[in-house]
Amino acid sequence: MLLRTAWRRAAAAVRAAPGPRSEAPARGLRLRVVDNAPQSAVPSDTATAPEVESVLRPLYMDVQATTPLDPRVLDAMLPYLVNYYGNPHSRTHAYGWESEAAMERARQQVASLIGADPREIIFTSGATESNNIAIKELEAAIQPDTSLVSVMTVNNEIGVKQPIAEIGQICSSRRVYFHTDAAQAVGKIPLDVNDMKIDLMSISGHKIYGPKGVGAIYIRRRPRVRVEALQSGGGQERGMRSGTVPTPLVVGLGAACEVAQQEMEYDHKWISKLAERLTKKIMNSLPDVVMNGDPEHHYPGCINLSFAYVEGESLLMALKDVALSSGSACTSASLEPSYVLRAIGTDEDLAHSSIRFGIGRFTTEEEVDYTVEKCIHHVKRLREMSPLWEMVQDGIDLKSIKWTQH
Amino acid sequence: MAASSRAQVLDLYRAMLRESKHFSAYNYRTYAVRRIRDAFRENKNVKDPVEIQTLVNKAKRDLELIRRQVHIGQLYSTDKLIIENQEKPRT
């Protein structure tokens, strides 16, 4: 993407040039030269003088990509990064025992959030690994008529909630395994693997204010769901996922799950309130804005809007003080419009104009207001420059135009 | 142990708010202040002394947690957010 290559070039240039705070640890987003930093003893009289402005970080409105650590999670993890560093599989000394106890406590915390038994939770490196384990089960199936249904609980691009309980009911009656990738849903909406008849579930740590690099897979025991291990080795995690379990990370995942269970209702209220504020303000101030995704079955914290006659990437670049995305991070390297939007039947041009606003536990009203204000301002500005918009204002129906081939 | 009095609960409340305002990260600071206010407000009508004591004990642990995390945040502090210069320091 043009934005990213420009960003990388600028970042490389700044790293090359010695700044007044060169002893400070390397930090992100320092693309502009700091001038009036109080610690700077050397007056900035380098060639970069005209670009002088203080460095301020953008607001973070991209929680679907990843979430910050909750301080309660970091607090739970730190002892296991400092003093309690034992291998949880060491059976012969206190370091191992205390690490194992922490791992099992974390397992219980994850299980409790989704109504499972701790023996049904296997720790992995993240939801992607969990998804792979679940899908591989299909290949390992012995019966020729065994199959697997796999559905996202909450979509990461448009926030739509799938009817999990209904799907679970159908799968259970047809004797078909049911897997759901609940990365965006765990800890945000109530989930119960027994009520919803879920056989396999993928959980991601860094989507629920936990650490990156850890997740879990829920594998039903009754009736038993057999999976094939993706990685073989010492037989850890009941043989389903060999490798030393990273105690600090799983402690973080467990703490994140426990906090999520306690805060789910409070967070949902707050996020819904902010989501309504954002959507109402934008839609009342701008015409031709479409919200993508079913408004009724929708998780409020993920708002995907299409601004007609405005190109999504240019709006993202204009909103440089707000960290946003125009779709899923995992597909952002490609120039194609979102496959999700295409799948729900969005027009090609509207799919290119979509922006995803993420609202989370730590988002404030002020951040929403700032984002809304900037968004309205830039959409109006970009539309003023758009010949398509001009034609629409003149009453021309764009669909009736016959564009000539060159 | 004697049950916590109203004065002690208020002291704890003020101490937690005071400490939370020292978070250097804008999002942690605002969340902590909001959450503490809402949590104390939500529980203000609890009458059972055992329940009150449980809540007070949890709050004391949370206060220690806030102290630790505020300190760590200050050790690793970074630039302010774009929005922090514009708004007045809020409580």
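Above this note sits the structure.
These numbers come from a predicted model, not from an experiment. (Residues numbered from 1 in each chain as written. Chains lettered and ligands numbered in written order. Predicted model: local features only at pLDDT ≥ 70, side-chain atom pairs only at ≥ 80, totals over all residues. Heavy atoms only, no water.)

### Here we look at the pattern of salt bridges
For the structure shown, the criterion picks out 26 salt bridges over all chains. Close ionic contact of Glu 276 of chain A with Lys 280 of chain A constitutes a salt bridge, the shortest N to O distance being 2.8 Å. A residue pair is termed a helical-turn pair when its members lie 3 or 4 positions apart in one helix, as Glu 276 of chain A and Lys 280 of chain A do in helix α6 (residues 247-285) at four residues. With a shortest N-O distance of 2.9 Å, Glu 84 of chain B and Arg 29 of chain B are connected by a salt bridge. Of this pair, Glu 84 of chain B sits in the segment after α3 (49-75) while Arg 29 of chain B sits in helix α2 (residues 26-42), and the two are 55 residues apart along the sequence. One network of salt bridges, with partners in common, ties together Asp 70, Arg 72, Glu 263, Asp 267 and Arg 361 of chain A together with Arg 35 of chain B. (Salt bridge = Lys/Arg side-chain N within 4 Å of Asp/Glu carboxyl O. Helix = DSSP H or I, 4+ residues; strand = E, 2+ residues; numbered from the N terminus.)

### Thoughts on the interface of chain A and chain B
Contacts between the two partners involve 26 residues from chain A and, on the opposite side, 24 residues from chain B. For the chain A and chain B pair, buried surface summed over both sides reaches about 2500 Å², with 55% attributable to carbon and sulfur atoms. Among the residues chain A hides against chain B, the three largest losses belong to Leu 56, Arg 57 and Tyr 266 of chain A. Together they make up 25% of the total. Applying the counting criterion to the chain A and chain B interface returns two salt bridges. (Contact = heavy atoms within 4.5 Å. Buried area = accessible area lost by both parts, 1.4 Å probe.)

### A look at the sheet that holds strand β7 (residues 289-291) of chain A
Residue and element names in this part refer to chain A. The antiparallel open sheet is built from three strands, whose spatial order is β7-β8-β10. Looking at the sheet topology across the chains shown, the edges are occupied by β7 and β10 (354-358). Across this sheet, the average inter-strand angle for adjacent strands is 30°, counted without regard to direction. Across three bridges, β7 lies against strand β8 (residues 302-307) in antiparallel orientation. Looking at β8, one finds that Met 291 is bridged to Leu 305. Running at roughly 10° to β8, α6 makes contact with β7, β8 and β10 of the sheet. (Pairing = 2+ DSSP bridges. Axes fitted to C-alpha atoms, helices over the stretch in contact; angles between N-to-C directions.)

### Examining the nonpolar core
Residues Phe 123, Met 201, Leu 278, Ile 282, Phe 307 and Phe 357 of chain A are the most contacted members of the largest nonpolar core, which totals 76 residues. Looking at this core, you find at least three residues from each of domain 1 (71-260) and domain 2 (264-396) of chain A. Residues contacting Met 201 of chain A, with those up to four places away along its chain left out, are Ile 114, His 179, Thr 180, Ala 182, Val 186, Leu 191, Val 193, Ala 216, Ile 217 and Tyr 218 of chain A. Core analysis: the second largest hydrophobic core is formed by 13 residues, Met 16, Phe 23, Ala 32 and Ala 59 of chain B among them. (Core = buried A, V, L, I, M, F, W, Y, C linked by side-chain atoms within 4.5 Å. Buried < 20%, exposed > 50% of the residue type's maximum accessible area, 1.4 Å probe, protein only. Domains from an automatic or database assignment.)

### Things to note about the packing of aromatic side chains
Counting across every chain of the model gives eight aromatic pairs over all chains. Between Tyr 13 of chain B and Phe 40 of chain B, the ring centres sit 4.9 Å apart and the planes meet at 55°, which makes this aromatic pair tilted. One end of the pair, Tyr 13 of chain B, is in helix α1 (residues 6-20); the other, Phe 40 of chain B, is in helix α2, and 27 residues separate them in sequence. Phe 40 of chain B gets classed as partly exposed once you look at its relative accessible area, which sits at 22%. Counting every residue linked through ring pairs, the aromatic cluster contains Tyr 209 and Phe 362 of chain A together with Phe 23, Tyr 28 and Tyr 31 of chain B. (Phe/Tyr/Trp six-rings, centres within 6.5 Å; stacked < 30°, edge-to-face > 60°.)

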